[in-house]
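Geometric and topological summary
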Amino acid sequence: MMNLEWYRIFLHTAQCRNLTKAAQQLHITQPSVSYAIKQMEEALGLKLFHRQSKGVELTEEGRALLQYVEQSFAMLDSGQKHLHNLKQLHEGEIRIGASDSLIKHLLLPQLNAFHQAYPGIRIRLSHGKTPEITQRLIEGEIDCGVLHMPIQEPKLHIQPLAVLEDCFVVGEAYQELADRLLTTEELAELPLILLSEGSSTRIFIEQWFADKGCLVKPDIELGSVDLLVEFARLGYGAAFISRSFVHEELLRGKLFELRLIDPLPPRSIGFTVRRDMKLSVAAESFVQLLRTSSEGI
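A few points on the structure. Fair warning: this is a prediction, and the values are worked out from it, not measured in the lab. (Residues numbered from 1 in each chain as written. Predicted model: local features only at pLDDT ≥ 70, side-chain atom pairs only at ≥ 80, totals over all residues. Heavy atoms only, no water.)

This brings us to the pairing of strand β7 (residues 166-170). Most of β7 is tucked away, with 5 of its 5 residues classed as buried. Side chains Asp-166, Phe-168 and Val-170 project from β7 onto one buried face, and the interleaved Cys-167 and Val-169 project onto a second face that is buried too. Relative to strand β12 (residues 256-257), β7 runs antiparallel, the two being bridged by 2 bridges. Considered in β12, the bridge of Val-169 is made with Glu-257. (Buried < 20%, exposed > 50% of the residue type's maximum accessible area, 1.4 Å probe, protein only. Helix = DSSP H or I, 4+ residues; strand = E, 2+ residues; numbered from the N terminus. Pairing = 2+ DSSP bridges.)

Inspection of the secondary structure puts Glu-284 in helix α11 (residues 281-293). In this structure Glu-284 comes out as partly exposed when scored by relative accessible area, which is 30%. Remark: the alpha-carbon pair of Glu-284 and Arg-122, spanning 162 residues in sequence, is separated by 14 Å. Apart from residues no more than four positions distant in its own chain, Glu-284 is found in contact with Leu-279 and Arg-291. Only 3.1 Å separates the side chain of Glu-284 from the side chain of Arg-291, close enough to count as a polar contact. (Contact = heavy atoms within 4.5 Å. Polar contact = N/O pair within 3.5 Å; in protein donor to acceptor, adjacent residues only side chain to side chain.)

A few words on the pattern of salt bridges. Under the defined criterion, the tally for this structure stands at 18 salt bridges. The closest approach of N and O atoms between Arg-95 and Asp-143, which form a salt bridge, is 2.9 Å. One end of the pair, Arg-95, is in strand β3 (residues 93-98); the other, Asp-143, is in the loop between α6 (130-138) and β5 (144-148), and 48 residues separate them in sequence. For Arg-202, the salt bridge goes to Glu-206, with nearest N and O atoms at 2.7 Å. Of the two residues, Arg-202 and Glu-206 both sit in helix α8 (residues 200-211), 4 residues apart, roughly one turn of that helix. Bridged by salt links that share partners, the residues Glu-197, Arg-202, Glu-206 and Glu-221 form one connected network. (Salt bridge = Lys/Arg side-chain N within 4 Å of Asp/Glu carboxyl O.)

Moving on: the sheet that holds strand β10 (residues 220-222). Read across the sheet, 5 strands follow the order β10-β9-β11-β7-β12 without closing on themselves; strand pairing throughout is mixed. Here the strands that pair on one side only, and so sit at the sheet edges, are β10 and β12. Strand contacts of α8: β7, β9 (192-195), β10 and β11 (238-242), with the helix running at about 135 degrees to β9, the strand carrying the most contacts. Docked against the sheet, helix α9 (residues 225-233) engages β7, β9, β10 and β11, running at close to 175 degrees with respect to β9. (Axes fitted to C-alpha atoms, helices over the stretch in contact; angles between N-to-C directions.)

This part is about the sheet that holds β3. The strand order β4-β3-β5-β14-β6 describes an open sheet built from 5 strands, whose pairing is mixed. Edge positions in the sheet fall to β4 (122-127) and β6 (156-164), since each has one partner strand and no second. Across the sheet, the axes of successive neighbouring strands diverge by a mean angle of 20 degrees, strand direction being ignored. Contacting β3, β5, β6 and β14 (267-274), α11 crosses the sheet at an angle of about 50 degrees to β3.

Written out as structure tokens, the structure reads:
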């Protein structure tokens, strides 16, 4: 491979058709231009320019080479502009994984703020359960994930993002139960509406019941928080859900929270990235936004 600077000098000389003018554009001396052209011609074994009294003209071989040199430098220029746009957050993409409920109720405000600040950044969202998002992170398919904690994975760096307080809610059909404290056993006897197996939320509540000596089997299993809310509202039973997700429904009297003698412990939500993976400028900016929003945790 010949010196890239030779090609730059060749390009300017071909465009100016004059060694002195090319040297002025390149901020080097005219002998330096002449020497570079001579070295290039010797390396190729071909004449690239006809030397004339008032300047130079490309040979047939020189014209053939010029097409490729122009395209190459145009590509390099485009590459530099693209990198500049990435650095300035005018272009780029971020890849984020989270469950549907966390995207809707927790992540959306940060996504909206980021999108408004950097509309040129493409946001790619993938949904899934915590184990699925964790695996995608490890495999490098996404840049960061928002997950239920705790997570025991040495390859990931995890930072708290928010604390969720869970509850059981019912519709009007079970409204009278909200007027008194319930034991865990009484709660376990109700028709339960839970998220599907394998989700962190399902694992958490089953473990909570098990710690109280209760083995529960839900009457209804769903993959959507919105469906949990709807089935509870329609009177199918008690749905386990984060209180902040149904704040408006509780205020409007569409749902009623069941009060428990043994209260449910809070759960932490974290965001995580791979320890050994360098994030893009766009992804690092979004992660920094999450870090800022979590400073109070």
